[in-house]
Amino acid sequence: IYLLPGQMLPEHHHVGGPDGYGPKMEAWHVRHGTVEFFGEHRGAGDETLISDMPAADRPFGFGEPWFKSKYVARRSAGEIYAMDDPESWHFQRAGPQGAIVTEYASYHNHVSFSKPDMAFEGSKAKAAQP
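Caption draft 1: Geometry of the nonpolar core. Membership of the largest hydrophobic core is limited to 11 residues, which are L3, W28, V30, V35, F37, A73, Y81, M83, A94, A99 and V101. The dominant element in this core, judged by the number of residues it contributes, is strand 3 (residues 26-39), at four residues. With residues up to four places along the chain from it excluded, the contact list for A94 reads L3, L4, G6, Q7, T34 and A99.

Dropping the structure here:
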């Protein structure tokens, strides 16, 4: 995952059951830069509350009815972060110098976003004109 300075992935979760191939087990290894990992539940135990962050540093959507994450953990190059609850809401945001992150994960085919009307869409290929 290549993240530009301050770039944030949208808050999402991966569900199992009839909609997916079981919960997606995930861990992230920061290769360059710093990353803030946000989640609905504590994972490693060193998370802090998003509400304790200075207001200007809180992520987009915090305080909105659809926003689910409550905690944040910071990791630097060489460090790993993993979630304890694989179906919990989560996302990440790069630090001021951007980040390169390796994601280790089990296969999964279902993702849902917390922000209403957000969905994955690919660009539509245009037919060549004669």
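Caption draft 2: Here's a closer look at the pattern of salt bridges. According to the stated counting rule, one finds five salt bridges in the structure shown. A salt bridge links E26 to K24, with the shortest nitrogen-to-oxygen separation between them at 3.6 Å. Neither residue differs from the other here; E26 and K24 are each classed as buried. The shortest N-O distance in the salt bridge between R93 and E36 comes to 2.7 Å. Note that R93 is positioned in strand 7 (residues 90-105) and E36 in strand 3, a separation of 57 residues in sequence. You'll find R93 and E36 in the same group, each marked buried.

Caption draft 3: Broad picture of the pairing of strand 7. Where strand 1 (residues 2-3) meets strand 7, two bridges bridge the pair, whose relative direction is antiparallel. Of the residues in strand 7, the one forming a bridge with L3 is A99.

Caption draft 4: A look at unusual backbone geometry. Positive phi, close to 70°, is recorded for D117, a residue that is not glycine. By secondary structure assignment, the location of D117 is in the segment after strand 8 (112-113). Under the relative-accessibility criterion, D117 is labelled exposed at 83%.

Caption draft 5: Fine view of the packing of aromatic side chains. Enumeration according to the criterion identifies eight aromatic pairs in this entry. Look at W28 and Y81: their rings are 6.4 Å apart centre to centre, the planes differ by 15°, and that puts the pair in the stacked class. With W28 in strand 3 and Y81 in strand 6 (residues 80-82), this residue pair connects regions lying 53 residues apart in the sequence. The exposure class assigned to W28 is buried, which follows from its relative accessible area of 2%. Its relative accessible area of 5% is what places Y81 among the buried residues. Both rings, one in F62 and one in F67, keep their centres 5.7 Å apart while their planes meet at 80°; by these two values the pair is edge-to-face. Grouping aromatic residues by their ring pairs yields a cluster made of F38, F60, F62, W66, F67 and F91.

Thresholds, definitions, all that
Residues numbered from 1 in each chain as written. Predicted model: local features only at pLDDT ≥ 70, side-chain atom pairs only at ≥ 80, totals over all residues. Heavy atoms only, no water. Core = buried A, V, L, I, M, F, W, Y, C linked by side-chain atoms within 4.5 Å. Buried < 20%, exposed > 50% of the residue type's maximum accessible area, 1.4 Å probe, protein only. Helix = DSSP H or I, 4+ residues; strand = E, 2+ residues; numbered from the N terminus. Contact = heavy atoms within 4.5 Å. Salt bridge = Lys/Arg side-chain N within 4 Å of Asp/Glu carboxyl O. Pairing = 2+ DSSP bridges. Phe/Tyr/Trp six-rings, centres within 6.5 Å; stacked < 30°, edge-to-face > 60°.

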